[in-house]
Structures are given as structure tokens and as C-alpha cells.
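Commentary on secondary and tertiary structure
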Amino acid sequence: MAPSASTLVIGSSSGIGFSIARRLRTRGDSIIELPSTLDLTNAEAVGESLRSLVGSGSVDRVVLAAIDPSAFRSAPIVSLTESEWDQAAEYPMRSAFVALQQAHGVLADGGRVILILPTVAATGVAGLVPLCTAVETIRVMAKAVARRWGARSITVNTIEVELAAFMLGDSDAGDTEVTMVPVLGQPALPPASAVDDVIGLIDMLASPAAGAITGALLVADRGTVMQP
Amino acid sequence: MSSLPRLMEGRVVLVTGAAAGVGRGVAAAFGSAGAIVGIGVRRPEAAEETAAAVAATGGTPVILRCDVTDAVQSADAIEQLVRDFGRLDAVVHNAVSGRSSEATDFENTTLDEWEDHASVTVRATWRLAVQAYPHLQKSQGAYLLMSSPAGIEGSERAPFYSAVKAAQRGFVRALAREWGPDHIRVNSVAPLAISPALENMKILEPERVKRIEGLVPLGRLGDPETDIGPPSVFLCSDEARYVTGQTLVVSGGRFTSL
């Protein structure tokens, strides 16, 4: 697939989604983005917006930064109201479903879907139960659709990055809540640009050489969480 | 009928979705281990067989109206057990949506169907934890979620079911860390077992069931009481006092790479 193939980036208003969209646009890729004000749980609105953006064509790649970083908050679950639980855990699940479902309608045969998630669910993090729950849900939802869409040669894979990188993308961490999140472990590798890493993995997954990779999880967290 | 070591003698356990299938088998196993078993069901009249199974194995059955999508009912069920028996040692959340065995047309369905699954398997998982917390903290008890291998590998036919079962695994890992300092253990079991749907399939499509059984190294589907029940009891007992944040796949070897 050529670098200039059309890419739909969902979740591009902040965090790593924003940084990925900016980087792809800067290098000349054809980028399609949904309005930042769109409610991603409104299937009808998302579908209409996509149809107006794509027209009668289709997109070759979908990059879904699947959780809005602004929803992250570290708190014990017993302190959450039902509404707070919904916002932190279930809203991201619903929006991921709607995004995948509606993106499927505009995705070309042989297209590539790449989800970006924070690497928190592999180990679990105290204080982030809703986020860990949402991440694992979306990760397996991606596997399920990878099985469903394989007949159209569509691949669906997930890239996980460190939580701070997911929340901030290229931005400076500064004095944000991300610095308060309990550390899972020390990365094995020195600091590097997570966005660079993710762009490289997106290009790899979008290449013809990756046509047989689907339902996979690629972890780009500098070796912080090494899967058993 | 199983005969287990009395690992839960005098302990009080709530099992949700216990009217049939895995829930009934797990409830009976807890009875065999000596527990007072709260049989959480939407319709109490549907719990008689489970109550008889618990009593037959030597446990004490308590039928509780507990539609887990109703916050008042689940809170009342927990409070009744604590009021009547003075403690709560474990909650086993087994209830699933009535649509869990249906195929989901992911590309064309709506959020209403998602809600059917999420309300029982995601929201109730959180809510039961919150409602049981002070009692489990006091007893240094256990919270056990009945997940599924589908929640690990993803299901083409049942993408919603597999997604909400995955939710429980993410929940278990994180909550085990959060509740570790309280000495409350949080685990899940991913069973491959005979369900009411599979019982029906055995009659209507015996060859299909044989094909499924052929994929299991041990050559059969798990029995809810004698195959799924004992590991569930173990995980809630003091014998598993150092086990938390885990998913135990109980599948006769069907799933070996999860």
C-alpha cells in the first residue's frame, strides 16, 4: 500500500491520535478526520459524517486511537458514581464499537485497521480499573472483527504504547495527571518518541508484507511490560 | 454429585446467574464444600433445582431475587446474606445476558444489543464489586468472575459476548492490584462447559457437539458441577490465599495458548 493511501484517523483531537494525524499529514498522507465535536457513540451521526467525508470512495487504512485521553482519571472503583464508571469504562467501549462498525462501511477490501491503546490491561493498574476494563474489551473486540473481516482481506491489529505516550502524544507531560499514575515498571529502553514508533508500526502493518498479520497485539512500550 | 473437601465450611457465598448451567454447577460445588450459598436469580421460582442441588451436596441454599442489572436487587441480595449469616466471604458473578448464545451481526446491529450484554457482564461486575466491598474487606474474601475463553481469543460469531467477557479479565487484573492491600482476592475462571444451549444442541445437532468434543484433548465438554465447580471453589478458598489477578482456563485442554 502506498504511503499516500487514504487514512481515516479516529480519535485525532488529542493525545497520540492527534500526534499521529499531524505526523501523517505533514509527510503528505491523505488524511480524513471526523469532527472533534462528534459523539462517537452516535452511530447514525458517525456514519453520516463518514459518508460525507469519503463520498462514493473508500479508505485504505483506519487508525483508531480508541479511548479519549480526557476520560482518564485515577480513582478507586468504590469512589465512582455510576455515571463516572460509565464515562471512564463503558463510553469508550461503545464508541469503539460504533467507530469500528461505521469504519467498516467505508473500508476498502484489503484495508488495514490499526487500533492504538495504552498498555495498562496486560498487567492491570490500581486506580485505573475502568480504563483497564475498557482497554481489554476493545482489544478483544478488535480480535473478533479481525476474524469477521478476514474474508475481505481486511486486517485488524492493535498497537499498545505507554500510558503517558498515549495520553500526550508528542506533547510535553508537564504537570498533568499522567505523572500521578502508578508506574508499572521501568522501561528497558531509553526514552524515545512513541509517535515515531507507532508511525513505523502503522506503516509496517499497512504494507503488503503484513498481509498475513491480523488479530495481533504489538506492544511498543520500550519493554515496560514484557508479556509472559 | 461432587464431594469436595469442606474448604468453605460456614462461609457465605453469593453466586449470580445460578438458576442453570455453570451457575447451578458452581453453586452445588460450593454446597459440597460446606458453604452457605446465596443463589442469585432473576426469578426465584426458577431456583428450586439449584437449591435442591446445593442441599443435596451438604450446603445451605438461600434463594435470592437478584437481577444483577437492578442495583437495588443486587444490594438487597448481599445485605440479606450479611444480615442473616453475619458475613460475606465470596461473590461469584456468573450471570450473563439472555442473548449471550445468540450470534451478533456486528456490522448491522445497534447499541441496544450491546447494552444487553454490557449491563449484565460489565456494569454489574463493577456494581457487585462496589456493593460487596465492605463485606469482603471484613472477611478478607474473594471476588470471582466467570469469564470465557471467548473473552481471550475473540469470537467471530459472538463479538459482543467475547468483548464483555474480555472486560472481566481487564477488570480482574486491575482490581486485584487495587484490592490487594485489603487482602481481597480477585480472579476469574474461563470455562468450557456444558450449558443449557449445548444440551439442546446435543439433541438437535449431536454431530456438531461431537465435533466440538473432538477438539478437546480430554475428549468431552466440562461438567458445570464436577469440572468447573472445584476450581471455582479453590479460587475462593483459603487454599488460594496467594492467588489473585488470574484467569484460570478450565477447558479440558481445548485452549492451551491463552
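Fair warning: this is a prediction, and the values are worked out from it, not measured in the lab. (Residues numbered from 1 in each chain as written. Chains lettered and ligands numbered in written order. Predicted model: local features only at pLDDT ≥ 70, side-chain atom pairs only at ≥ 80, totals over all residues. Heavy atoms only, no water.)

1. Some remarks on the overall build of chain A
Which entries qualify depends on this criterion: A run of H or I in DSSP counts as a helix once it spans at least four residues, and a run of E counts as a strand once it spans at least two, with each numbered from the N terminus. We take the radius of gyration over the C-alpha atoms and set the globule estimate at 2.2 Å times the residue count to the 0.38 power. The classification of residues rests on relative accessible area computed with a 1.4 Å probe and restricted to protein chains. Under 20% of the type maximum is buried, over 50% is exposed, and intermediate values are partly exposed. In what follows, a contact means two residues having at least one pair of non-hydrogen atoms within 4.5 Å. For the purpose of charge, His is not counted, nor are the chain termini; Lys and Arg are scored as positive and Asp and Glu as negative. One atom stands in for each charge, and that atom is NZ of Lys, CZ of Arg, CG of Asp or CD of Glu.
The helix and strand tally for chain A stands at six helices and six strands. The C-alpha radius of gyration of chain A comes to 17 Å, within 12% of the 17 Å expected for a compact globule of 228 residues. The principal-axis extents of the C-alpha atoms in chain A amount to approximately 45 × 40 × 30 Å. Classification of the 228 residues of chain A by burial places 54% in the buried group. Once local pairs closer than 6 in sequence are excluded, the contacts in chain A between residues at least 24 apart make up 79%. Computed over 15 positive and 23 negative side-chain charges, the inter-centroid distance for chain A is 7 Å.

2. Here's the deal with the packing of aromatic side chains
All names here are of chain B. Note the threshold: Note on aromatic contacts: the rings of Phe and Tyr and the six-membered ring of Trp form a pair at centre separations within 6.5 Å, being stacked when their planes are under 30 degrees apart, edge-to-face when over 60 apart, and tilted otherwise. Two conditions define a charge located above a ring, namely a distance within 6 Å from the ring centre to NZ of Lys or CZ of Arg, and an angle within 35 degrees of the ring normal.
Under the criterion given, the structure shown has ten aromatic pairs over all chains. Measuring from centroid to centroid gives 5.1 Å for Tyr-133 and Trp-179, while their planes differ by 35°, and the two rings are tilted. Of this pair, Tyr-133 sits in helix α4 (residues 111–139) while Trp-179 sits in helix α6 (residues 159–179), placing them 46 residues apart in sequence. Against the face of Phe-255 rests Arg-254, its NZ or CZ located 4.4 Å from the ring centre.

3. Quick look at the packing of helix α3 (residues 82–104) of chain A against helix α4 (residues 129–149) of chain A
All names here are of chain A. Short version of the rule: Axis angles are defined between N-to-C directions and span 0 to 180 degrees, where every axis is a line fitted to C-alpha atoms and, for a helix, only to the segment in contact. Note that the term roughly parallel is reserved for angles under 35 degrees, roughly antiparallel for angles over 145, roughly perpendicular for angles of 65 to 115, and oblique for everything else. For any helix crossing, the convention is left-handed if the near helix is rotated counterclockwise from the far helix by under a right angle, and right-handed if that rotation is clockwise. When residues are grouped by polarity, Ala, Val, Leu, Ile, Met, Phe, Trp, Tyr, Cys and Pro land in nonpolar, Asp, Glu, Lys and Arg in charged, and all others, Gly among them, in polar.
One can describe the packing of α3 onto α4 by two numbers: an axis separation of 8 Å at closest approach and a directional angle of 20°. With respect to each other, α3 and α4 are oriented roughly parallel. Note that α3 runs across α4; the crossing there is right-handed. Facing Trp-85, Ala-88, Ala-89, Pro-92, Met-93, Ala-96, Phe-97, Leu-100 and His-104 of α3, the residues of α4 in contact are Val-129, Pro-130, Leu-131, Thr-133, Ala-134, Thr-137, Ile-138, Met-141, Val-145 and Trp-149. Looking at the contact of α3 with α4 residue by residue, the class counts come to 16 nonpolar, three polar and no charged.

4. A closer look at the interface of chain A and chain B
Condition: Summed over both partners, buried area is the accessible surface (1.4 Å probe) that two parts give up on being assembled. Take a side-chain nitrogen of Lys or Arg and a carboxyl oxygen of Asp or Glu: if they are within 4 Å of each other, that pair is a salt bridge.
With 38 residues of chain A at the contact, the number on the chain B side is 40 residues. Both faces combined, the contact of chain A with chain B buries some 3,200 Å², and carbon together with sulfur accounts for 63% of it. Its largest share of buried area at the contact with chain B, chain A owes to Ile77(A), Phe97(A) and Arg148(A), together 19% of the area lost on that side. At the junction of chain A with chain B, the criterion picks out six salt bridges. Between Arg127(B) and Glu82(A) there is a salt bridge whose closest N-O contact spans 2.8 Å.

5. Let's talk about the side chain of Ser95(A)
Tracing the sequence through the fold places Ser95(A) in helix α3. With residues near it in sequence (within four places) discarded, Ser95(A) still touches Leu40(A), Thr41(A) and Ala66(A).

6. Things to note about the sheet that holds strand β2 (residues 30–33) of chain A
Residue and element names in this part refer to chain A. How we decide: Two strands make a pair as long as DSSP finds a minimum of two bridges between them.
Across the sheet, six strands lie side by side as β2-β1-β3-β4-β5-β6; this open sheet has parallel pairing. Two strands lie at the open edges of the sheet, namely β2 and β6 (217–220), each paired on one side alone. Neighbour to neighbour, the strand axes of the sheet diverge by 20° on average, direction disregarded. Summarising the sheet, strand β1 (residues 6–10) and strand β3 (residues 59–65) pair through four bridges and their orientation is parallel. Bridge assignment links Val-9 to a residue of β3, and that residue is Val-63.

7. Here's the deal with the packing of α4(B) against α6(B)
Residues and elements named next belong to chain B. Two elements in contact, α4 and α6, have axes whose closest approach is 9 Å; the angle formed by their N-to-C orientations is 20°. The orientation of α4 relative to α6 falls into the category roughly parallel. Considering the relative orientation of α4 and α6, their crossing is right-handed. Across the interface between the two elements, Glu-113, Trp-114, His-117, Ala-118, Thr-121, Val-122, Thr-125, Trp-126, Ala-129, Tyr-133 and Leu-136 from α4 touch Phe-160, Tyr-161, Ala-163, Val-164, Lys-165, Ala-167, Gln-168, Phe-171, Leu-175 and Trp-179 from α6.

8. With respect to helix α1 (residues 21–32) of chain B
Residue and element names in this part refer to chain B. Rules: The span one expects for a helix is its residue count, reduced by one, times 1.5 Å.
Between the first and last C-alpha of α1 there are 17 Å, a value that for twelve residues agrees with the 16 Å anticipated at 1.5 Å per step. Summarising burial for α1: eleven of the twelve residues are buried, a large majority. Gly-34 occupies a position one or two residues after α1 and carries a positive phi of about 95°.

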